[in-house]
Amino acid sequence: MGVTYVSQWNIPEGKNIQQGVEELQNKAEKLGAKKSGLFVVECESFHSTNAQNLKTLHTIHNSEYPASRFACFEDGSFLVTDVMLGTFLSKLRSVWQPKKGGKIESKGQRYEFGDFIIKIGIVSMGPSTKGIALELEYAPCRFPLDCWELMTEMLHELIDDQAPASLPQVIAQKPDANLAELTALQYIRLFNNLRKASMNR
Amino acid sequence: MADLLSQAKTNITLLTQAISCTQKLRSTVTNVFNFLCEGVKPDEDQDNKLEEAEIGSLSKDARKFLQRFQDYLQAVNQDYNEVEKCCNAMQSTTELPLLGPLGLLAVDPTFDKNYFYRDVLVAYQWNQKMHDYAQSSFNFMQSNETKKSIFPGGKRRVRAMPQRFQIVNPQLIHLALSSVQNQVKENVVLKIISSAGETRVIQATVAKVFVATILLHNSVMEKVIVRALSEESFQEAGSYDIVRDSQFECMRRITDHAMAAILEYSTLHQASPELALKYILLWLSSYKTLFIEKCSVCRKHLRDGLPPLWRDFRNPIACHDFCRA
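Residues numbered from 1 in each chain as written. Chains lettered and ligands numbered in written order. Predicted model: local features only at pLDDT ≥ 70, side-chain atom pairs only at ≥ 80, totals over all residues. Heavy atoms only, no water.

As recorded by an unreviewed UniProt entry, chain B carries the name Mediator of RNA polymerase II transcription subunit 27 and is attributed to Clavelina lepadiformis. Of the comments in the UniProt record for chain B, the one headed Sequence similarities (unreviewed entry) reads "Belongs to the Mediator complex subunit 27 family." Quoted verbatim from the Subcellular location (unreviewed entry) field of UniProt, the annotation for chain B is "Nucleus". (UniProt positions renumbered as here; feature names shortened; annotations may be inferred.)

Q: Even after reading the chapter, I still don't get the interface of chain A and chain B, so can you show me in this structure?
A: Accessible area lost upon the coming together of the parts serves often as the stated size of an interface. Taken together, the 17 residues of chain A in the interface contact 18 residues of chain B. With both sides pooled, the region where chain A packs onto chain B buries about 1500 Å², and carbon together with sulfur makes up 63% of that total. Here chain A is connected to chain B by one salt bridge. A salt bridge links B:Lys208 to A:Asp146, with the nearest nitrogen and oxygen atoms 3.7 Å apart. At the boundary of chain A with chain B, the tally comes to five residue pairs in polar contact (both at pLDDT 80 or more). (Contact = heavy atoms within 4.5 Å. Buried area = accessible area lost by both parts, 1.4 Å probe. Salt bridge = Lys/Arg side-chain N within 4 Å of Asp/Glu carboxyl O. Polar contact = N/O pair within 3.5 Å; in protein donor to acceptor, adjacent residues only side chain to side chain.)

Q: Looking at this structure, I do not really get the sheet that holds strand β1 (residues 188–196) of chain B. What am I missing?
A: Residues and elements named next belong to chain B. The four strands are arranged β1-β2-β3-β4 in an open sheet whose pairing can be described as antiparallel. For this open sheet the edge positions go to β1 and β4 (220–228), each flanked by a neighbour on one side alone. For this sheet the average axis-to-axis angle between neighbouring strands, irrespective of direction, equals 20 degrees. Across eight bridges, the pairing between strand β2 (residues 199–206) and strand β3 (residues 210–217) is antiparallel. Each bridged residue has a counterpart across the sheet, and for Thr199 the counterpart in β3 is His217. Each of β1, β2 and β3 is contacted by helix α6 (residues 170–184), which is oriented at about 165 degrees to β1, the strand it contacts most. (Pairing = 2+ DSSP bridges. Helix = DSSP H or I, 4+ residues; strand = E, 2+ residues; numbered from the N terminus. Axes fitted to C-alpha atoms, helices over the stretch in contact; angles between N-to-C directions.)

Q: Can you help me understand the environment of B:Leu306 in this one?
A: When you line up the elements, B:Leu306 lands in the loop between α8 (273–285) and β5 (310–311). By relative accessible area, which is 7% here, B:Leu306 ends up buried. C-alpha of B:Leu306 to C-alpha of B:Arg253: the two residues are 53 residues apart in sequence and 9.8 Å apart in space. Ignoring anything within four residues of it in the chain, the contact list for B:Leu306 reads A:Asp115, B:Glu249, B:Cys250, B:Arg253, B:His301 and B:His320. (Buried < 20%, exposed > 50% of the residue type's maximum accessible area, 1.4 Å probe, protein only.)

Q: Honestly, the pattern of salt bridges in this entry has me stumped. Any pointers?
A: Opposite charge on two side chains permits pairing when their charged atoms draw close. On inspection of all chains with the given rule, the structure shows twelve salt bridges over all chains. Residue B:Arg244 pairs with B:Asp241 through a salt bridge whose shortest N-O separation is 2.9 Å. For B:Arg244, a relative accessible area of 38% corresponds to the partly exposed category. Residue class for B:Asp241 comes out buried when judged on its relative accessible area of 5%. Residue B:Arg252 pairs with B:Glu249 through a salt bridge whose shortest N-O separation is 3.0 Å. Residue B:Arg252 and its partner B:Glu249 are located together in helix α7 (residues 249–268), separated by three residues, close to a single helical turn. For B:Arg252, a relative accessible area of 32% corresponds to the partly exposed category. A single salt-bridge network, built from bridges that share partners, covers A:Glu64, A:Arg110, A:Glu112, A:Lys119 and A:Glu135.

Written as C-alpha cells, this is what we have:
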C-alpha cells in the first residue's frame, strides 16, 4: 500500500493497442523491471432509481486489495467494504441499478522494479478495448506530496514524453486521503475519460 | 574449592552407608513387630507343664518368647548404633557456596520435570574447564612468544580492554532516553516497547519516513531494524518482531547503514554509550528528507530505483550509495 499514480498512456501514431502495450512493456523491462504476475482493476457503475437523486455510484475491485471492494460516490464520499459489496448491491436493486454498459476494467501485466510497482493494463469495456492505462506505485512512502518528485523522475525514466508536469488534481485536492481511495479515484477519472472519448467518437 | 569437593565426596559415601544401615534397621524393627503379631509356635508336649505354668513360674514357651524378643531388640539396638555412627561421622558443611537464583531453582519441588539446573551445572563445569584450558594455553604461548616487530625494542601496542558489562540502574537509562528525546524533539519519537532486566526494545519513529527498532542492552545498542511505516511490527501472537527484515529494498539498505553507524558511534564514544545513542538518533533524524531531498552529488532523486540512502556519519547530507565513492 503506497502512493500511486494512474494515467492513460497515449499510443503512438500508427500502432494498435497490442503494439502499444508491448512497447510499454519493453520500456519497463529495459529499466530492469521484473514480471510479477497479472493485475486487474474493475469498475462497475450504478445509478440511483430515485429521480431526484442523480448520483452515480462506482464500485472498484482492485486485485492489489483482494479482500476489499471500494465504493465511491460522485459527490466525493468513499467507502471501503469487503467482497460482499456486489451481492449487497444486487439486493438493493430497487435503490441502485447497474448502469448499462457500465462495467469497465483495466487488465494486464504487473512489474516490480526495486520498491516500485508498474502496472500496464489494457482498458476494455466488454469486448471492446478503449486504451492503455499505466499505474506507478511507490510502496515505502505513504505521503503523496513528499514523494511526488521522486515518482516524477521515475515516470520520466519510463515514459519520458508523457510524464505528468504537475500533481494530478485528484491528489492535489485530497493529499491526506486514504491511499486506496486516491488510487480508486484516479482509476474512476481515467475510466470516465475513456468512456467519454469513446462516446464522442 | 577442592576441600569442599572432597568433603562432599566423603559425605556422599557416608550417606550411602547410612541409608543401607537405616534399611537394615527398618527390617529388624519390622521383624520385631512381625514377631509380636505372630507370637511363638508352642511346643508339642505342653499339656503336662500347663499346671506348672499357672502356678507362677514362667513356662518354657514364654521364656522362649522373651528370649527371641530380647534377641530382636538387641539386633535393633545394634543397627541403630551403626546408623548413629554414620550420622556422627558426617561433617556439616559450614560454608555453603552462594548460588543465588540458581540455588532457588534447585529447591524447586518440580525439579524432576525439567533438567534445567542439571544442565546449568554441566554448562558451568564446562565453562570452568574451558577457562582453565584457556589460561594454561595462554601461559604456554606467552613463554613461546616470538618477537616480530622490526623496530628496535618495539613497544607492545596496548589494546583497549573491551568494556565489561556493568549493572546500570534502569532509572539512569530512562533519564538518558528522555534527555535524548528532548534533543531530537519531534523529528524522532521514541517509545519503549518492552524491557526485561537489562534489555530494552525501543521504537524510534522518524517522522513520515520509517520506524527503527533498536535493541538496547543497558545503554549499549546491539541491533537495529528499519522498516517502513506501513509494515506491521507486531507479530500475530502480540510480541514485537525484532528479527524479520523489511520487505522494501530501501529500508533494508538503511538497516545496513544503521548497523554501520552503531559500530561507528559506539567505538567513537566507548566511554559513554548514552552519547553514542544520542548521535545515532540524530543521524537517524537526518533521514526525515529521505523521499524529498535529492542526492547532493548527482542532483537526482533516484539511482537504480532507490532514493539517496546514505547519510554521512560526520556531516549527514543525502547521497546515493554509489555516489559517495
